[in-house]
Amino acid sequence: MGSFFDCHIHTREGSNDSALAPEELVSEIRRKGLTGALVTEHQGWAKHDFERFAQEQDIVLIRAHEIGTEWGHIIAIGLDGYSARFNKAIEVRQALDEANGFMIIAHPFRFLFEPARIESRNILFPDIDNMPSSAEEASKHPIFQVVDTLEVVNGANSLEENKFAEQVARILKKSGTGGSDAHSTQGIGKGSTFFHGDIRGEKDLLEALKAGAFTPVEGFNRGEPTFYGNVPNGVERPDL
């Protein structure tokens, strides 16, 4: 049947910059008709406490981390421990390989198209005199050889930034994910990911991610989803 997930969201339980209570997250996910959410905390929501909360809900909540590195923010799925021990992308890669997890570069092209200034605010391309002139050139950044995929649709990004990420994902032959990057109830579901099968927990999610069986989506929160990429023939989209 397929499953819609907001694959980038923060609550006040594990992200100091979020005002979103876990109960509000569940209420909004349910109200908007999403299957569930990947909860990508900055500081980390203790695994035992998260699992206890998640088991009490009638939606699917899956624990993850968003980790700051020298090459931008990494969404890491499958880590048990606290994420602050990492500061380099290759360290996250090694830990996820050991955990059989999955690694996504979040909002890779945020601020890339801002007006020229002395310094770039984009983390991947900080040198204003050495910005990529095309998606092909951008795709050669070494981070894309480290991660499993990239976030294509981010609800806090501009349309231009997301479309550029879509072009890079196509060049790299990666499916790309979508998430709202919400820190409050506002915008939940603006970016989401359509999984081509039923996702009931972390195991299903990781299997689908590793199989590339997913498509990034924009606008689910409005009831007007736009799919960034093709959905395979025979896959039934859930009724909205």
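Our structure is the block above this text.
So, a few notes on the structure that sits alongside this text. (Residues numbered from 1 in each chain as written. Predicted model: local features only at pLDDT ≥ 70, side-chain atom pairs only at ≥ 80, totals over all residues. Heavy atoms only, no water.)

### A closer look at the nonpolar core
Item 1. Counting 30 residues, the largest nonpolar core has Val92, Met103, Phe109, Ile143, Phe144, Leu150 and Val168 as the members making the most contacts within it.
Item 2. Within the residue set of this core, elements represented by two or more residues are β4 (72–77), α3 (89–99), β5 (102–105), α4 (135–138), β6 (149–154) and α5 (159–172).
Item 3. Looking at which element gives the most residues to this core, the answer is α5, with five residues.
Item 4. Ignoring anything within four residues of it in the chain, the contact list for Val92 reads Ile67, Thr69, Ile74, Ala76, Phe86 and Met103.
Item 5. With 22 residues, the next largest nonpolar core counts Ile9, Leu20, Ala182 and Val217 among its residues. (Core = buried A, V, L, I, M, F, W, Y, C linked by side-chain atoms within 4.5 Å. Buried < 20%, exposed > 50% of the residue type's maximum accessible area, 1.4 Å probe, protein only. Helix = DSSP H or I, 4+ residues; strand = E, 2+ residues; numbered from the N terminus. Contact = heavy atoms within 4.5 Å.)

### As for unusual backbone geometry
Item 1. In this model, Asn100 sits at a positive phi of 60°, which is unusual for a non-glycine residue.
Item 2. Tracing the backbone shows Asn100 in the loop between α3 and β5.
Item 3. Looking at Asn100, the relative accessible area reads 52%, which means it is exposed.
Item 4. Phi is positive for Lys173, which is not a glycine, with a value near 60°.

### What about the pattern of salt bridges?
Item 1. Evaluated as defined, the whole model comprises 16 salt bridges.
Item 2. Between Arg110 and Asp181 there is a salt bridge, and its shortest N-O distance comes to 2.9 Å. In this pair, Arg110 is assigned in the loop between β5 and α4 and Asp181 in the loop between β7 (177–179) and β8 (191–195), connecting sequence segments 71 residues apart. Summarising the burial analysis for this pair, Arg110 and Asp181 share the class buried.
Item 3. Here Glu114 ties to Arg121 by a salt bridge, and the two come within 3.0 Å at their closest N and O atoms.
Item 4. For Arg121, a relative accessible area of 42% translates into the label partly exposed.
Item 5. In this structure, a network of salt bridges that share partners links the residues Glu28, Arg31 and Lys32. (Salt bridge = Lys/Arg side-chain N within 4 Å of Asp/Glu carboxyl O.)

### Observations concerning the side chain of Asp6
Item 1. As for its placement among the helices and strands, Asp6 is situated in strand β1 (residues 3–9).
Item 2. Buried within the structure, Asp6 lacks any salt-bridge partner; its nearest side chain of opposite charge belongs to Lys32, at an N-O separation of 7.4 Å.
Item 3. A polar contact of 3.0 Å, which involves the side chain of Asp6, links it to the backbone nitrogen of Gly189.
Item 4. Leave out the neighbours within four places in its chain, and Asp6 touches Ile29, Leu34, Gly36, Ala37, Leu38, Gly178, Gly179, Ser180, Ile188, Gly189, Gly191 and Ser192. (Lys, Arg positive; Asp, Glu negative; His and termini not counted. Polar contact = N/O pair within 3.5 Å; in protein donor to acceptor, adjacent residues only side chain to side chain.)

### A closer look at the sheet that holds β1
Item 1. The 10 strands are arranged β7-β6-β5-β4-β3-β2-β1-β8-β9-β10 in an open sheet whose pairing can be described as mixed. What marks the edges here is a single partner per strand, and that holds for β7 and β10 (226–227).
Item 2. As defined by bridge partners, strand β9 (residues 214–218) adjoins β10 across two bridges and the pair is classed as antiparallel. Paired with Glu218 across the two strands is Thr226, which belongs to β10.
Item 3. Sheet strands in contact with helix α1 (residues 22–32) are β1, β2 (36–41) and β3 (60–69), and its direction is about 145° off that of β2.
Item 4. In the packing of α3 onto the sheet, the strands contacted are β3, β4 and β5, and the crossing angle to β5 comes to about 155°. (Pairing = 2+ DSSP bridges. Axes fitted to C-alpha atoms, helices over the stretch in contact; angles between N-to-C directions.)

### Considerations on helix α2 (residues 47–55)
Item 1. Within the sequence span of α2, burial applies to Phe50, Phe53 and Ala54. Projected onto a plane normal to the axis of α2, the buried residues spread over an arc of 100° and lie on a single side. Among the exposed residues of α2, those oriented more than 90 degrees off its buried face are His48 and Gln55.
Item 2. Summarising the contacts, the buried residues of α2 are in contact with α1, β2 and β3. (Arc of directions from axis to C-beta.)

### A closer look at the pairing of β9
Here is the key point about a regular strand: its side chains alternate between the two faces of the sheet.
Item 1. When you tally the buried positions in β9, you get five out of five residues, the bulk of the element.
Item 2. What you see with β9 is no split at all: Phe214, Pro216 and Glu218 on one side and Thr215 and Val217 on the other are buried throughout.
Item 3. Sheet topology places β8 next to β9; five bridges connect them, and they run antiparallel. Paired with Phe195 across the two strands is Phe214, which belongs to β9.

### Side note on the pairing of β8
Item 1. Burial of β8 is extensive: five of the five residues sit out of reach of the surface.
Item 2. On β8, burial covers both faces: Gly191, Thr193 and Phe195 on one face and Ser192 and Phe194 on the other are all buried.
Item 3. The sheet contact formed by β1 and β8 spans three bridges and is antiparallel. By the bridge assignment for β8, Phe5 is matched with Thr193.

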